[in-house]
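An overview of the molecular structure
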Amino acid sequence: MASLVSEILSASLPDLMAEARELRRGRLVTYSPKVFVPLTTLCRDVCGYCTFARPPRRGERAYMPLEEVLEIARAGAAAGCTEALFTLGDKPELRYRVARDELSALGFGSTIEYLAHCAGAVLEETGLLPHLNPGVMTRAELELLRPVSASMGIMLETLAERLGERGGPHWASPDKVPAARLETIRLAGELSIPFTSGILIGIGETRAERLEALAALRGLREEHEHLGEVIVQNFRAKPGTRMADHPDAPFEEQLWTVAAARILLGPDAHVQAPPNLAYDDFPLLLDAGIDDWGGVSPVTVDHVNPEAPWPEIARLAEAAASRGLTLAPRLPLYPEYVADLDRWTDPGVAPAVLHVSDSLGLAREDRWAPGEPVTVPFLVRRDAPPLELPSEELGSDEIERLLSARGSERERVLAAADRLRQEVCGDEVTYVVTRNIQYTNVCYFKCGFCAFSKGKLAENLRGPAYLVPMDEIVRRSVEAWERGATEVCLQGGIHPSFTGDFYADVVSSIRDAVPGMHVHAFSALEIWQGAATLGLSLEDYLARLRDLGLGSLPGTAAEILDDEVRAVICPDKVSTAQWLDVHDAAHRVGLRSNVTMMLGHVDRPRHWANHLLRTREQQMRSGGFTEFVPLPFVPMEAPIYLKGRARRGPTFGEVLLVHAVARLALHPLITNIQVSWVKLGPEGVRQALAAGVNDLGGTLMNESISRAAGSEWGQELPPERMEELIRSAGRTARQRTTTYDTPSVEQTRRSFGAEPLAETLNPPVREAGLVRPKLLVRPGLAAAS
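Read on for an overview of the structure. (Residues numbered from 1 in each chain as written. Predicted model: local features only at pLDDT ≥ 70, side-chain atom pairs only at ≥ 80, totals over all residues. Heavy atoms only, no water.)

1. Re the sheet that holds strand 18 (residues 732–736)
Pairing in this open sheet of three strands is parallel, and the strands run 17-10-18 from one edge to the other. Of all strands in the sheet, those with a lone pairing partner are strand 17 (695–698) and strand 18, marking the two edges. Neighbour-to-neighbour, the strand axes of this sheet turn through a mean angle of 20 degrees, independent of strand direction. Pairing of strand 10 (residues 428–432) with strand 17, which is carried by two bridges, proceeds in the parallel orientation. Along strand 17, the bridge assignment pairs V432 with G698. (Pairing = 2+ DSSP bridges. Helix = DSSP H or I, 4+ residues; strand = E, 2+ residues; numbered from the N terminus. Axes fitted to C-alpha atoms, helices over the stretch in contact; angles between N-to-C directions.)

2. Things to note about the packing of aromatic side chains
For the structure on display, the rule yields 15 aromatic pairs. A centroid spacing of 5.8 Å and a plane angle of 75 degrees characterise the contact between Y63 and Y114, whose relative ring orientation is edge-to-face. Taken together, the positions of Y63 in the loop between strand 1 (28–40) and helix 3 (66–78) and Y114 in helix 5 (residues 111–126) put the pair 51 residues apart, joining distant regions of the chain. Take Y63 and Y114: they sit in the same class, and that class is buried. (Phe/Tyr/Trp six-rings, centres within 6.5 Å; stacked < 30°, edge-to-face > 60°. Buried < 20%, exposed > 50% of the residue type's maximum accessible area, 1.4 Å probe, protein only.)

3. A look at helix 5
In this model helix 5 runs 22 Å from its N-terminal to its C-terminal C-alpha over 16 residues, within 8% of the 22 Å that 1.5 Å per residue would give. The element helix 5 is largely enclosed, with a buried count of 12 among its 16 residues. Positive phi shows up at G127, right after helix 5, with a value of about 80 degrees. (Expected span 1.5 Å × (residues − 1).)

4. Considering the sheet that holds strand 13 (residues 518–521)
Overall, parallel pairing links the six strands, which are arranged 11-12-13-14-15-16 in an open sheet. Two strands close off the open sheet at either side, each with one partner strand: strand 11 (434–438) and strand 16 (625–632). On average, adjacent strands in this sheet sit at an angle of 25 degrees to one another, irrespective of strand direction. In this structure, strand 12 (residues 487–491) lies alongside strand 13, joined through four bridges in parallel fashion.

5. A look at the environment of F498
Of note, F498 is situated in the loop between strand 12 and helix 18 (500–513). Note: C-alpha distance between F498 and E312 (186 residues apart in sequence) is 61 Å.

6. Remarks on the pairing of strand 10
Of all five residues in strand 10, four are buried; the element is thus mostly enclosed. Sheet analysis places strand 10 next to strand 18, joined by five bridges and oriented parallel. For E428, the partnering residue across the bridge sits in strand 18 and is T732.

7. Some points on the pairing of strand 9 (residues 326–329)
Neither face of strand 9 is open: one carries T326 and A328, the other L327 and P329, and all of them are buried. Bridge analysis of strand 1 against strand 9 gives four bridges, and the strand direction is parallel. Paired with L28 across the two strands is T326, which belongs to strand 9.

8. Looking at the state of the cysteines
Counting across every chain of the model gives zero disulfides. C81 takes part in no disulfide bond, and the closest cysteine sulfur to it belongs to C118, at a distance of 18 Å. For C81, a relative accessible area of 7% translates into the label buried. (Disulfide = S-S within 2.5 Å.)

9. As for helix 11 (residues 313–321)
Structural remark: α-helix, 3.6 residues per turn; residues separated by three or four positions point the same way. Within helix 11 the residues assigned to the buried category are L316, A319 and A320. Taken around the axis of helix 11, the buried residues stretch over an arc of 100 degrees, which confines them to a single face. Exposed residues lying more than 90 degrees from the buried face of helix 11 are E318 and A321. Where helix 11 is buried, its residues touch helix 10 (284–287), strand 8 (292–296) and strand 9. (Arc of directions from axis to C-beta. Contact = heavy atoms within 4.5 Å.)

10. Structural notes on the pattern of salt bridges
Inspection of the entire model under this criterion finds 57 salt bridges. Across the pair R435 and E479 runs a salt bridge whose closest N-O atoms are separated by 2.6 Å. You can see R435 sitting in strand 11 and its partner E479 sitting in helix 17 (residues 470–482), a full 44 residues away along the chain. Exposure remark for R435: the relative accessible area of 0% places this residue in the buried category. According to the relative accessible area criterion, E479 is buried, its value standing at 11%. Salt bridges here are not isolated pairs; linked through shared partners, they connect R435, E472, R475, R476 and E479. (Salt bridge = Lys/Arg side-chain N within 4 Å of Asp/Glu carboxyl O.)

11. A short note on the nonpolar core
Of all hydrophobic cores here, the largest spans 122 residues; its most connected members are L490, F522, W579 and L696. Per element, the largest residue contribution to this core is 11 residues, and it comes from helix 25 (residues 652–666). In contact with L490, other than residues within four places in its own chain, are I437, Y439, I473, V506, I510, V519, H520, A521 and F522. Ranked by size, the runner-up nonpolar core spans 91 residues in total, among them L39, L42, A269 and F282. (Core = buried A, V, L, I, M, F, W, Y, C linked by side-chain atoms within 4.5 Å.)

Encoded structure:
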């Protein structure tokens, strides 16, 4: 450390800044959209530079009333903020009677207690994540605040104790004793509280003293891993203070200290400098190695520096883009803490964090969610230059990087996928006239994302438990054929009484009634369970179903082909290897299938990359996948979301990226990329068609699973509307079969202007008289053991 400090002190400013830029990791520069809540401006300290703290004034409240706090928070939530920054003076009740009296009248014994009350109310009512800066705290006070905050902070400012002597900036300020502030930071680390600290430059300290303070913060960060960011804040003289005539910190000193902080703290640390205190020179801070701008508010002023307004977000974005970087909103706690919420947040706070976070652990870019009938947040640029990719096969790291793209890089990824789609598929967009038949919503598996099933753990979810009789399944299939369908897609819950014979009876009954209908049926879970109940190998059971009339398998139950994720969302379902085994066996007996991916819950881009790689590897082995189908997680009624253990589905940008990167990563092995109109809606589909998509899947006729989860986009998109949608995107529509052949002229004719569907029959399951077997097959648990 001593040698590094010596090197920094002897280096020139250009050399330091160049090294700092090299050390800065990644291409993102972040900021936190916030509201500023000055809970009290009373403080027992009298720092020589501060205009925030002031003594009591006759007729004024000592503390901001809760309703006023909530009013600010509501305005912030409406403006898209995710952070409520509570700033206040240190323990004013220890100095001012008016503070003690007002706290007593409010029913609180301390400022910290009132802060906890207000922060909890903001969290519960508005969903904003409180970041608390109440000054020096004891362990008990930190423990009190942890359940109502996402993060906290205290500026170390300096280790130079001489600055607290008479005449110094920290004179008569007991809470500015460096040892006390270091102890607060240390205690926060022991309690696993995501924390912010930093130094204040230009108040009389030397460069060596700045480095000493930064080294102390580095030591605490290495010991506890809790210091999310280190702020380098520059002193600005303010009228009416003891330091009003003190010179401002020269901007060159700010640049020197920021670069030194980056070098001393290393590439993994987040280094922040407030842009408003650099005025029009703020872009130069990027050249010194920062990767964060701190909190920026569209609602409130900077109450600590009211003379310095924040730059507009557009200016911050322009500054980042001018240096090849991308601006991104973040939460008050950084992505590395969002990735491990069990450690870093209270269980009562974690659901609020997940609600506003994206797959990278940053703040969601928009309020869009799959299945909601809202306007898409942005349109795909049609004139973006395509990203040039290596000629060789994309590897895991490259796929993950593409899936994490933001800003102009994301635009180029989407353009690259669209260009490849044009080369491979032309302007043709395909769809199939199909009918979905969900034969039961009873299921003994415990998938946390499923709002469709009616097992014992899902009694509060939509609709009564039902089982469709065989003659009703056949009736729906015949009706579908008469309406021009070439496919029926059959899936459902796994009723505990089902055996492999049930699935065989379904297939044979449909084939006997409608010989020309393609039966696209049964997820890997149903196949695995069916084979296991009959004691057959997967290959033998699939061959039996094939001979009875099964045409292909849907790729559902794939969810995310990564067992780390599956252990959370579907622990007793088929494992990744088991899912792949089913489809490998299907391909060996001559059955085609597709592959789906459900995204936007507890998954991350690396999990998506793993899913794509396993899909590609399987296709190289067996070659039986007809298309890749991303399925955005619809959260509204999903148990895992309602329990606060999942995100609010993917963002719109993430949805488009997954479709686009699938096109790029799976080429040339899988040439069809499908979008779900049920989950994205018409406008979302139009944008996906500009991001590598060439297929819209089925018309459906009936759709229950997404609707049960809360999707509002309907049950059927008949050929007339399907083709109108395709044409509105400037593309050419083609009706297809399941295997991408062309349907007969007669079936195509029938599909247009079809009669309305007859009322469906879903009798209560108790009327079926099924008997539960003694042993239930749970492949996921067997694989885990």
